Each structure stands twice: as structure tokens, then as C-alpha cells.
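A closer look at the structure
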Amino acid sequence: MRALVVEDEVKMAALIRRGLVEEGYAADVARTGEEALWMARATPYDAIVLDVMLPGRNGLEVCRSLRESGVWSPILMLTARDGVEDKVSGLDSGADDYLSKPFSFAELLARLRALTRRGPSERPAVLEVGTLRLDPATRQAWRGEAEVELSAKEFALLETFMRNAGDVLTRLDLLEHAWDYGYENRSNVVDVYVRYLRAKIDRPFGVDSIETVRGVGYRLRRDGGG
């Protein structure tokens, strides 16, 4: 999953980003409202953590502008103010949830997981594609009854595939959801990690779930390889 953290306090932004990365997220940081607007419009983020108090355009204005321009990534608003009116203003501007500072990082993660399950239809807490299962909350994955040990990046890549089972994903699609801006789009990092993933979820079980679509990218079969 790829998240955008919009926070002008350098220490707070670094702490949130580091925590998300440790949990397997790809996380980018924007420090102003204007920066957040162009980043969120240019990249299909799975979630946005948006502070209300920002230099220039504040979080409420940013949220409203994103919704008006058709960006519907789930937005979790952060604020040092916890009055009912402030929460109503945040939700009315288009935010999906609201978290008051100070907060526990465990609660922030839980709220992000809940938000990313929402969409045109409610998403299940545990993803299942064929005999593949993945639990974003516990960071566990299984092929049948066998648990598969995955690195944080392998987990993020598999989650992206499973949320889009049957769809052809380009290398750019995979980069946008599983890697942050620190990675160079022209690198072969996607191909390398697809090989790693196949070696763990396919080869030991004699199946072939991740298909190469020549000249385009990759696709996880809808049956998960059986």
C-alpha cells in the first residue's frame, strides 16, 4: 500500500513515515498544502494522512480541492484540536476519518487499514485469491494452510496484486503502489521482486499464479494459481 503523509512538522512527519515503512507501506511526505495537491493528483495513493494545520493552504482546503478535482483516495485527518466543530469541518470537507493529536501509532495504523478496505464495495479484512490468503493487519500470508514468510516489500507487492486480481498491472502501476518516490522508475526493481515473490508463493507449491504479460507488465490470476 502507498500512502502520502502531509505534515509540516519535520519530526512528526519523519516518525509517521518511518512507522509506515516499517509496516510495509511505501510512504511519501509533503510539507505544504500546495505540495500535497500536486503529489496526490499525480499519484494514486491508497491513503492520505493529512494534517489540518499547514502553511499556505490548510488541510481542510487541501481536502476540499482534492475532492473537487476527482481525487478519492481515503483521507485520514490529523489535528491538535479535538472539538466537535473541528471534526465536523474536517469530515464535511471530504475527509473519511479524523484523528486527534496526540495519538497512538497503533490506532493510526488501524484506522488506515479500515479506510483502505473501503471502496465502491466493502473490502474484506483478509484478502483471498484462490488458495492465497493475506491479512494486512497481522502482516501474514498463506498458500493453503502453509504460512509464507515475506519481506515487507514482498508483502506490499503481493497485496497490490491481490487487490487487483485478474487485472494487468504495468510496472509503473506496481511502483506507484508498492514503492515511494525514492525509487527510480526506470530500474528493474519490480522484476526482481516479482521473481522473489514467485519463489515463495508459487514455486514451492507447484503453481504459477503471477503471469507475465509481455510488453505490458504482470497479472495475478483470478484463481490465484489454484
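See above for the structure.
Residues numbered from 1 in each chain as written. Predicted model: local features only at pLDDT ≥ 70, side-chain atom pairs only at ≥ 80, totals over all residues. Heavy atoms only, no water.

With respect to the helices, strands and loops of the structure, Cys 63 is situated in helix α3 (residues 59-68). For Cys 63, a relative accessible area of 0% puts it in the buried group. In sequence terms Cys 63 and Met 77 are 14 residues apart; their C-alpha atoms lie 9.0 Å from each other. Ignoring anything within four residues of it in the chain, the contact list for Cys 63 reads Leu 50, Ile 75, Met 77, Ser 93, Gly 94 and Ala 95. (Helix = DSSP H or I, 4+ residues; strand = E, 2+ residues; numbered from the N terminus. Buried < 20%, exposed > 50% of the residue type's maximum accessible area, 1.4 Å probe, protein only. Contact = heavy atoms within 4.5 Å.)

With 29 residues, the main nonpolar core has Leu 158 and Phe 161 as its most contacted residues. For this core, the elements supplying multiple residues, two or more each, are β6 (127-129), β7 (132-135), α6 (152-163), α7 (171-178), α8 (189-201) and β12 (217-220). No other element matches the 7 residues that α8 contributes to this core. Beyond its immediate stretch of four places on either side in the chain, Phe 161 contacts Leu 169, Leu 174, Val 194, Leu 197, Ile 210, Tyr 218, Arg 219 and Leu 220. Counting 21 residues, the second largest nonpolar core, distinct from the first, contains Ile 48, Leu 50, Val 52 and Val 71. (Core = buried A, V, L, I, M, F, W, Y, C linked by side-chain atoms within 4.5 Å.)

Moving on, we come to the packing of aromatic side chains. The full count for this structure, using the stated rule, is 2 aromatic pairs. Ring geometry for Trp 179 against Tyr 193: centres 5.7 Å apart, planes inclined by 70 degrees, an arrangement best described as edge-to-face. Here Trp 179 is found in the loop between α7 and α8, whereas its partner Tyr 193 is found in helix α8, with 14 residues between them in sequence. Residue Trp 179 shares its accessibility class with Tyr 193, and that shared class is buried. (Phe/Tyr/Trp six-rings, centres within 6.5 Å; stacked < 30°, edge-to-face > 60°.)

Let us look at the packing of α6 against α7. Any two packed helices are characterised by the angle at which their axes cross and by the distance between the axes. Remark: α6 packs on α7, axes separated minimally by 9 Å, with the N-to-C direction vectors making an angle of 120 degrees. Put simply, α6 runs oblique to α7. The crossing of α6 and α7 is right-handed. Between α6 and α7, the residues in contact are Lys 153, Ala 156, Leu 157, Thr 160 and Phe 161 and Leu 174, His 177 and Ala 178, respectively. Of the residues belonging to the contact of α6 with α7, the class tally is 5 nonpolar, 2 polar and 1 charged. (Axes fitted to C-alpha atoms, helices over the stretch in contact; angles between N-to-C directions. Parallel < 35°, antiparallel > 145°, perpendicular 65-115°, else oblique. Left-handed = near helix turned anticlockwise from the far one by under 90°. Nonpolar A, V, L, I, M, F, W, Y, C, P; charged D, E, K, R; others polar.)

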